[in-house]
Amino acid sequence: MKGQPFGKRLGFALHGLRLAVARERSLRTHLLAATALLAVLLATRPAPLWWVLLALAVGLVLVAELFNSALETLLDHLHPGQHPEIGTAKDIAAGAVLVACAVAVLAGAAFLLYGLA
C-alpha cells in the first residue's frame, strides 16, 4: 500500500474514523464530551491559549482512544480466544486512554480555576 496518492490515503483515514465512530461507544462518548467542551469555550470565549491547551488535551484523548480501538480490533482478530497476554495488552492500552483522560480533566480543571478568573 506504500506510494498511494494523498487522496486515496485520506480516504482510508476517513474510512477508519467512520468505522471507529460507528463501532466504539467510548469514542462516541469522548466526542460528545469534546462537543460539550466546545460549547463551553464558545460561551466563555477564553484567551486563545486556553483553546489550544484544551484542544490538545481533547486530541490526546481521541488519539489514545483510536489507538486503543485499533489495537483491540487487531488483537481480537488475531486471537479471538482468551489469552492472558492479549488481555494484558488490552489493559495497558486502556490504561493509556485513562491517563489521557486524566490529563484532559486536569487541563479542564485548570481552565475552570484560572481561565475563567
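Each remark here, short or long, concerns the structure printed above.
The rules behind the values
- Residues numbered from 1 in each chain as written.
- Predicted model: local features only at pLDDT ≥ 70, side-chain atom pairs only at ≥ 80, totals over all residues.
- Heavy atoms only, no water.
- Helix = DSSP H or I, 4+ residues; strand = E, 2+ residues; numbered from the N terminus.
- Rg over C-alpha atoms; globule rule 2.2 N^0.38 Å.
- Buried < 20%, exposed > 50% of the residue type's maximum accessible area, 1.4 Å probe, protein only.
- Contact = heavy atoms within 4.5 Å.
- Areas by Shrake-Rupley, 256 points an atom, 1.4 Å probe, with all protein chains shown as cover.
- Expected span 1.5 Å × (residues − 1).
- Arc of directions from axis to C-beta.
- Polar contact = N/O pair within 3.5 Å; in protein donor to acceptor, adjacent residues only side chain to side chain.
- 1 Å grid on protein atoms, 1.4 Å probe; cavity = no way out; pocket = protein on both sides within 12 Å on 5 of 7 lines; lining within 4 Å.
- Points joined across faces, edges and corners; volume = space filled by probe spheres on them.

Our next topic: the overall build of the chain. Across its full length, the chain holds four helices and zero strands. Helices (α) and strands (β) of the chain occur, in sequence order from the N terminus, as α-α-α-α. Expected size for 117 residues packed as a compact globule is a radius of gyration near 13 Å; at 17 Å, the chain overshoots this value by more than 25%. In terms of overall dimensions, the chain has a C-alpha envelope of 50 × 40 × 20 Å along the principal axes. Put simply, the chain has 117 residues, and 22% of those count as buried. Intrachain contacts of the chain at a sequence separation of at least 6 include 66% that bridge at least 24 residues. Approximately 8300 Å² of the chain is accessible, and the part contributed by carbon and sulfur atoms is 73%.

Each turn of an α-helix holds 3.6 residues, which means side chains three or four residues apart point in the same direction. For helix H2 (residues 25–44), with 20 residues, the first-to-last C-alpha span of 29 Å sits near the 28 Å given by 1.5 Å per residue. Among all positions of H2, only Leu-27, His-30, Ala-34 and Leu-41 are buried. Along H2, the residues classed as buried sweep out an arc of 60 degrees about the axis, all on the same side. Along H2, the residues that are exposed and aim more than 90 degrees away from the buried face are Arg-25, Leu-32, Thr-35 and Ala-43.

You can see His-83 is positioned in the loop between helix H3 (48–78) and helix H4 (84–115). Here Glu-85 takes part through its backbone nitrogen, which lies 3.0 Å from a polar atom of the side chain of His-83.

Another aspect to go through is the side chain of His-30. Mapped onto the elements of the fold, His-30 is located in helix H2. Here His-30 falls in the buried class, since its relative accessible area comes to 18%. Setting aside chain neighbours within four positions, we find His-30 in contact with Val-61, Leu-62, Glu-65, Val-97 and Cys-101.

Another point: the layout of surface pockets. In this approach, a probe sized like a water molecule rolls over the atoms, and the result shows the empty space that is left. Of the pockets and cavities examined, the largest pocket occupies roughly 320 Å³. Contributing to the lining of the largest pocket are 13 residues, with Gly-16, Ala-20, Leu-66, Ser-69 and Ala-70 lying nearest its centre. Among the secondary structure elements, those contributing two or more residues to the lining of the largest pocket are helix H1 (6–23) and H3. Volume-wise, the second largest pocket comes out at about 240 Å³. In terms of lining residues, the second largest pocket is bounded by 14 residues, among which Ala-33, Ala-34, Val-58, Val-61 and Ala-104 are the most central. When residues of the lining of the second largest pocket are traced back to their parent elements, those giving at least two are H2, H3 and H4.

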